[in-house]
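# Examining the three-dimensional arrangement
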Amino acid sequence: DGGITQSPKYLFRKEGQNVTLSCEQNLNHDAMYWYRQDPGQGLRLIYYSQIVNDFQKGDIAEGYSVSREKKESFPLTVTSAQKNPTAFYLCASSSRGRTGWTGELFFGEGSRLTVL
Amino acid sequence: AQSVTQLDSHVSVSEGTPVLLRCNYSSSYSPSLFWYVQHPNKGLQLLLKYTSAATLVKGINGFEAEFKKSETSFHLTKPSAHMSDAAEYFCVVSVNTGNQFYFGTGTSLTVIP
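As a starting point, this report considers the structure included with it. Nothing here was measured: the structure is a model prediction, and the numbers come from that model. (Residues numbered from 1 in each chain as written. Chains lettered and ligands numbered in written order. Predicted model: local features only at pLDDT ≥ 70, side-chain atom pairs only at ≥ 80, totals over all residues. Heavy atoms only, no water.)

### Some thoughts on the overall build of chain A
- On a plain count of helices and strands, chain A comes out with 0 helices and 11 strands.
- Secondary structure of chain A in N-to-C order comes out as β-β-β-β-β-β-β-β-β-β-β.
- If one aligns the C-alpha atoms of chain A with their principal axes, the spans along those axes are about 45 × 30 × 30 Å.
- Counting only residues that meet the buried cut, chain A has 50% of its 116 residues in that class.
- Pairs at least 24 apart in sequence give 54% of the contacts found in chain A among residues at least 6 apart. (Helix = DSSP H or I, 4+ residues; strand = E, 2+ residues; numbered from the N terminus. Buried < 20%, exposed > 50% of the residue type's maximum accessible area, 1.4 Å probe, protein only. Contact = heavy atoms within 4.5 Å.)

Written out as structure tokens, the structure reads:
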């Protein structure tokens, strides 16, 4: 079945440690996204990528980094510079619709990061 | 500029009664509009989408939404709520030009038995 796989589902980190969240898709989608979700705040965009080897900062990119070396993969690293990293992280992908970028987002199951 | 406003942060209904979740949007271009549902600790699942075809859109699990350009609204409805509908619902707008998606802050739906 086609879809988006995020791992790990739960992750605990000590302060000062970098952690990397994995996101893999087999939908052959060009665009991939990382969102952060906090209670009562909806989803906020961290980074997105529309093509391999290219990505753009979203609204809250500080303290995060990404890479897009393969079309299927878009890992997110939460660095020690992120002051409040405890959150639910969602990876998504989308494809072009018939007339452009109107295709919907497909989401993974999410990764919950807790800083101890 | 694009934005989405979900008018209710929490909605409670009794099982078997109608559901109405309200969404207003602002867009400089012809938008695509989506409703997603999220159960606890899960990803978001697409309920339905509007992409400039029919203004009344039918989705999964008996949900539907009507695009009203004059009111800039895209309210989600269901005739009869089921216990399994209890979840968080997000209204999302996208435009063709930028491939970016703008999320509302969500509406939490509680279904009372």
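### Notes on the packing of aromatic side chains
- Across all of its chains, the model carries 15 aromatic pairs over all chains by this definition.
- Ring centres of A:Phe107 and B:Tyr36 lie 5.6 Å apart, and the angle between their planes is 85 degrees; on these two criteria the pair is classed as edge-to-face. Taken as a pair, A:Phe107 in strand 10 (residues 106-107) and B:Tyr36 in strand 5 (residues 31-38) lie in two separate chains rather than in one. The exposure classification of A:Phe107 matches that of B:Tyr36, with both residues buried.
- Members of the aromatic cluster, each reached through a chain of ring pairs, are A:Tyr33, A:Tyr35, A:Tyr48, A:Phe107, B:Phe34, B:Tyr36, B:Phe101 and B:Phe103.
- Here the guanidinium or amino end of A:Arg68 rests over the ring plane of A:Phe74, the centre of that ring lying 6.0 Å away. (Phe/Tyr/Trp six-rings, centres within 6.5 Å; stacked < 30°, edge-to-face > 60°. Lys NZ or Arg CZ within 6 Å of the ring centre and 35° of its normal.)

### Points about the state of the cysteines
- Counted under the stated rule, the structure contains 2 disulfides over all chains.
- Here A:Cys23 connects covalently by a disulfide to A:Cys91, the sulfurs 1.9 Å from one another. The disulfide joining A:Cys23 to A:Cys91 has a torsion of about -75 degrees about its S-S bond and is therefore left-handed. You can see A:Cys23 sitting in strand 3 (residues 19-25) and its partner A:Cys91 sitting in strand 9 (residues 87-94), a full 68 residues away along the chain. A:Cys91 carries the same exposure label as A:Cys23, and that label is buried.
- Disulfide pairing is shown between B:Cys23 and B:Cys91; the S-S distance is 2.0 Å. (Disulfide = S-S within 2.5 Å.)

### Details of the sheet that holds strand 1 (residues 4-7) of chain A
All names here are of chain A.
- Spatial ordering of the open sheet is given by 1-3-8-7, a layout of 4 strands whose pairing is antiparallel. The strands lining the two open edges of the sheet, one partner per strand, are strand 1 and strand 7 (64-66). On average, each strand axis in the sheet is tilted by 20 degrees relative to the strand beside it, whichever way the strands run.
- In terms of strand pairing, strand 1 meets strand 3 through 4 bridges, oriented antiparallel. Its bridge partner lying in strand 3, Thr5 is registered against Glu24. (Pairing = 2+ DSSP bridges. Axes fitted to C-alpha atoms, helices over the stretch in contact; angles between N-to-C directions.)

### Observations concerning the interface of chain A and chain B
- With 24 residues of chain A in contact, the opposing surface of chain B contributes 22 residues.
- Overall, the association of chain A and chain B removes approximately 1900 Å² of surface from exposure, summing both partners, and the carbon and sulfur fraction of that is 49%.
- At the boundary of chain A with chain B, the tally comes to 2 salt bridges.
- Of all elements in the fold, only strand 4 (31-37), strand 5 (43-51) and strand 9 of chain A reach the threshold of two or more residues within the side of chain A that touches chain B.
- Of the residues in the side of chain A that touches chain B, the class split is 11 nonpolar, 9 polar and 4 charged. (Buried area = accessible area lost by both parts, 1.4 Å probe. Salt bridge = Lys/Arg side-chain N within 4 Å of Asp/Glu carboxyl O. Nonpolar A, V, L, I, M, F, W, Y, C, P; charged D, E, K, R; others polar.)

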